[in-house]
Amino acid sequence: MMTQPIRTFKDLTSETAPAGGNATSKISFTIDDRRLLELRARYARAEWLANALGDAILWLGRRYERAVGGIKADLKLRAAEAQLHRMSDRELSDLGLCRGDITFAIREAAEGVAPRFDDVGGQVTAANQNLRRAA
C-alpha cells in the first residue's frame, strides 16, 4: 500500500480559487483608492439620508397644512351655525329654515353635497315649506 503525501489547504487550488484562477485576488487597492471609495460611499449615504429626511419633512408639512386647513374650515362652519342659531324663529323662517335644518344647510352649502334620494320617485321638495305662515 502506497501512501500519498498530506496536502495542505494552500495546495488545493479548487477550494481557494475558481476554475481559471481567482480574479479578485489579483486586484489590489491602494490606500488612496480605498479612501476614495470610502469617501464616495459616505457621500452617497449622506445624499440618500438628506433626500429621505427632506421628503419626510415635506410629507409632515403637507399633513400639518391639511390638518390646520380642516380645523379652520370646521371653525368657520361652526361660526356660521352659531350665527344662524342666534337668529329668531321668524328670521329663520324668512330664510326657509327651521332650527333642525341649520346644521344640514350649513354643511350642504360648504361642501356642495346635496342629499341623494335614489328610491324616491318624482320631485324632491324641501323639508320646510312654511305652510303655517300663509297670511
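Residues numbered from 1 in each chain as written. Predicted model: local features only at pLDDT ≥ 70, side-chain atom pairs only at ≥ 80, totals over all residues. Heavy atoms only, no water.

A.B. asks: Looking at this structure, how should I read the environment of Leu84?
C.D. replies: Here Leu84 lies in helix α3 (residues 31-85). In this structure Leu84 comes out as buried when scored by relative accessible area, which is 12%. A sequence separation of 19 residues divides Leu84 from Thr103, and the C-alpha atoms of the two residues are 9.3 Å apart. Sequence-distant contacts of Leu84, defined by excluding residues within four places in its chain, comprise Leu92, Leu95, Leu97, Arg99, Ile102 and Ile106. (Helix = DSSP H or I, 4+ residues; strand = E, 2+ residues; numbered from the N terminus. Buried < 20%, exposed > 50% of the residue type's maximum accessible area, 1.4 Å probe, protein only. Contact = heavy atoms within 4.5 Å.)

A.B. asks: Please clarify how the pattern of salt bridges should be interpreted in this entry.
C.D. replies: Here the idea is simple: oppositely charged side chains can pair when their charged atoms come close. Summed over all chains, the structure comprises four salt bridges. With its nearest N and O atoms 3.6 Å apart, the salt bridge here joins Asp74 to Arg107. Here Asp74, found in helix α3, pairs with Arg107, found in helix α5 (residues 102-111); they are 33 residues apart in sequence, far enough to count as distant. The class of Arg107 is partly exposed, set by a relative accessible area of 26%. Measuring nitrogen to oxygen at the nearest pair gives 3.1 Å for the salt bridge that ties Asp89 to Arg99. Taken together, the residues Asp89 in helix α4 (residues 89-95) and Arg99 in the loop between α4 and α5 connect sequence positions 10 residues apart. Here Asp89 falls in the exposed class, since its relative accessible area comes to 53%. (Salt bridge = Lys/Arg side-chain N within 4 Å of Asp/Glu carboxyl O.)

A.B. asks: I tried to follow the nonpolar core on my own but got confused; where do I start?
C.D. replies: A general feature of soluble globular proteins is that nonpolar side chains tend to end up buried together. Ranked by size, the top nonpolar core spans six residues in total: Leu77, Leu84, Leu92, Leu97, Ile102 and Ile106. Only α3 and α5 provide two or more residues apiece to this core. (Core = buried A, V, L, I, M, F, W, Y, C linked by side-chain atoms within 4.5 Å.)

A.B. asks: Any chance you could explain the side chain of Ser93 here in plain terms?
C.D. replies: Residue position: Ser93 is located in helix α4. Judged by its relative accessible area of 15%, Ser93 is buried. At 2.7 Å, the side chain of Ser93 and the backbone oxygen of Arg90 are in polar contact. (Polar contact = N/O pair within 3.5 Å; in protein donor to acceptor, adjacent residues only side chain to side chain.)

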